[in-house]
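Observations on the three-dimensional arrangement
Okay, here's what each chain looks like letter by letter:
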Amino acid sequence: MKIKQNENLKSYNTFNLAATAQNFISIFNENDIYSVLVEDLKPLKIIGGGSNILITKDIEAYVLKNEIKGIDIIDEDDESIMVEVGAGEQWHNFVMWCISHRLGGLENLSLIPGSVGAAPMQNIGAYGVEQESCFHSLTAIHLESGIRSTFFKHQCKFGYRESIFKNEVKDQYIITKVKYILNKINHKLNLDYGAIKEMLALNHIVTPTIKDVSDVVIKIRQSKLPDPQIIGNAGSFFKNPVIALSHYNELKTTYDKIPCFLVNDNSVKVPAGWLIENIGYKGFVRGQVGVHKDQALVLVNHGNGQGREIYALALEIIDKVRETYNIELTAEVNIW
Ligand code: EPU
């Protein structure tokens, strides 16, 4: 374990926001966590890849940086393989490990920033796949009692960018390891998402491999989403709202181009990016912060912006969307 005082969090969050953590503790294994708990250091705040947080002020809590690494094969048969991954591994590195071992399942989730431990927390998803489709279980330590538990898939209550760790047991556990099951053979690629089909056709790929799909997803993401190394951001800032079909039909009479995806017979998901673009915020700049020019769902820090300025802009967008469409947007990103 490594303890630092007054650490600048700028390089630990993908918005590249400067803020001071009074106490910053890097933990490398489960024993480090027990040491922190024995010393009764409180309150604790856990940071993984820092790709889903908006820091609006200096942090007085003890910030725990999860650096638990390792990718281990723990079970295998002719068709599939079970791997256990340290929660502090970078998600994309793990996906690349799968691709290099020709393992199918997570290729559509290439290039998502963040750590493996954060993936089940918000059930990351992209291009028609969510991490839950390969998830087996995870190990987590309760921050009050120190009890180490296994959460199996059915216990995690996965939903669209949701899990039990964002709701009932929010801030109560630190995830240490995650197990995924991947396909060695007979893997069915998910090519339903329009942009994937288009990009494969553009590259004249008729029978894609797992790696082809990963490569295509990386290209699509690079073309639409800003690279946090260049422009600070946390991916989609808001969730795509789910609204009643009747509400959607009513909106359609005014906004004939409003897109939607069917969720069930009575409700639809509307792309928040469209709602925000349609009220004129795409590419909006205020000082050093704004809305990305190619994806209105992504708020950005152009350089030396402040977290509270991004937060103020997010609240303004929420208000405008409510006034215009009577739809309540919710942040996908956690506000610190
Ligand atoms: N759209 C616009 N204007 C915009 C952005 C989007 O009109 O500025 C409309 C278009 O109709 C487009 C549709 O929204 O066809 C969908 O856009 P896109 O494919 O970019 O996906 P998204 O719904 O904006 C979601 C995820 C992304 C994920 C992509 C691809 C959420 C909150 N976001 O975005 O996830 O990569 O689908 O599957 O569900 C993330 O969570 O950080 C993230 C980037």
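What you see is a predicted model, and the numbers here were worked out from it, not measured in a lab.

1. Description of the sheet that holds strand β13 (residues 232-233)
- The sheet built from four strands is open, its strands ordered β13-β19-β18-β17 with antiparallel pairing. Each edge of the sheet is formed by a strand with only one pairing partner; in this case those strands are β13 and β17 (285-286).
- The pairing of β13 with strand β19 (residues 299-301) spans two bridges and is classified as antiparallel. Its bridge partner being in β19, G232 is matched across the sheet by N301.
- Sheet strands in contact with helix α8 (residues 307-325) are β17, β18 (289-291) and β19, and its direction is about 35° off that of β18.

2. A word on the side chain of H247
- Note on placement: H247 falls in helix α6 (residues 245-254).
- Under the relative-accessibility criterion, H247 is labelled buried at 16%.
- Contacts of H247, omitting those with residues within four sequence positions, involve Y325, N326 and I327.

3. A few points about helix α5 (residues 210-224)
- Given a rise of 1.5 Å per residue, 15 residues ought to cover 21 Å, and the 22 Å separating the end C-alpha atoms of α5 matches this to within 8%.
- Buried residues of α5: I210, V213, S214, V216, V217, I218, I220 and R221, and no others.
- Contact partners of the buried residues in α5: α2 (91-100), β8 (125-126) and α4 (194-202).

4. As for the sheet that holds strand β14 (residues 242-244)
- The sheet built from three strands is open, its strands ordered β14-β16-β15 with antiparallel pairing. Edge strands, defined here as strands with exactly one partner in the open sheet, are β14 and β15 (261-262).
- Two strands pair when backbone bridges link them, and β15 and strand β16 (residues 267-269) are joined in this way by two bridges, in the antiparallel orientation. Bridging from a neighbouring strand, F261 pairs with K269 of β16.
- Contacts from α6 reach β14 and β16, with the element oriented near 85° to β14.

5. Let's talk about the packing of α4 against α5
- Two elements in contact, α4 and α5, have axes separated by 10 Å at closest approach and are oriented at 110°. In terms of their interaxial angle, α4 and α5 are classed as roughly perpendicular. Facing A195, I196, M199 and L200 of α4, the residues of α5 in contact are V216, V217, K219 and I220.
- For the contact of α4 with α5, the per-class residue count stands at seven nonpolar, no polar and one charged.

6. Details of a nonpolar patch on the surface
- Together, Y311, L315 and I335 give the surface a local cluster of nonpolar side chains, amounting to about 230 Å² of exposed area.
- Within the secondary structure, I335 is located in strand β20 (residues 334-335).

7. Re the site of the ligand
- Residues in close proximity to the ligand total 23 residues, the closest being Y127, Y160, R161, Y193 and E277.
- For the ligand, an oxygen atom lies 2.6 Å from a polar atom in the backbone of Y127.
- R161 places a side-chain nitrogen or oxygen 2.8 Å from an oxygen atom of the ligand.
- For the shell around the ligand, the secondary-structure elements that each account for two or more residues are β8, α5 and α7 (272-278).
- Residue contributions to the shell around the ligand peak at three residues, all from α7.
- Grouping the constituent residues of the shell around the ligand by class yields ten nonpolar, six polar and seven charged.

8. Describing α2
- α2 sits mainly inside the fold: seven of its ten residues count as buried.
- Turning to α2, its buried residues are W91, H92, F94, V95, W97, C98 and I99.
- Where α2 is buried, its residues touch β6 (71-76), β7 (80-86), α3 (118-121), β12 (173-183) and α5.
- Among the residues trailing α2, R102 stands out with phi positive, at a value near 55°.

9. A short note on the nonpolar core
- W91, F94, L106, L138, F165, Y180 and L182 are the most contacted members of the largest nonpolar core, which totals 44 residues.
- Excluding its chain neighbours within four sequence positions, the residues that come into contact with Y180 are I81, M82, V83, W91, F94, V116, A119, P120, Q131, C134, F135 and H136.
- Of all hydrophobic cores here, the second largest spans 33 residues; its members include W274, I276, Y281 and L329.

Reading guide: rules and limits
Residues numbered from 1 in each chain as written. Predicted model: local features only at pLDDT ≥ 70, side-chain atom pairs only at ≥ 80, totals over all residues. Heavy atoms only, no water. Pairing = 2+ DSSP bridges. Helix = DSSP H or I, 4+ residues; strand = E, 2+ residues; numbered from the N terminus. Contact = heavy atoms within 4.5 Å. Axes fitted to C-alpha atoms, helices over the stretch in contact; angles between N-to-C directions. Buried < 20%, exposed > 50% of the residue type's maximum accessible area, 1.4 Å probe, protein only. Expected span 1.5 Å × (residues − 1). Parallel < 35°, antiparallel > 145°, perpendicular 65-115°, else oblique. Nonpolar A, V, L, I, M, F, W, Y, C, P; charged D, E, K, R; others polar. Patch = residues over 30% accessible without salt bridge, like charges linked within 9 Å, V, L, I, M, F, W, Y side chains within 5 Å. Areas by Shrake-Rupley, 256 points an atom, 1.4 Å probe, with all protein chains shown as cover. Salt bridge = Lys/Arg side-chain N within 4 Å of Asp/Glu carboxyl O. Near = heavy atom within 4 Å. Polar contact = N/O pair within 3.5 Å; in protein donor to acceptor, adjacent residues only side chain to side chain. Core = buried A, V, L, I, M, F, W, Y, C linked by side-chain atoms within 4.5 Å.

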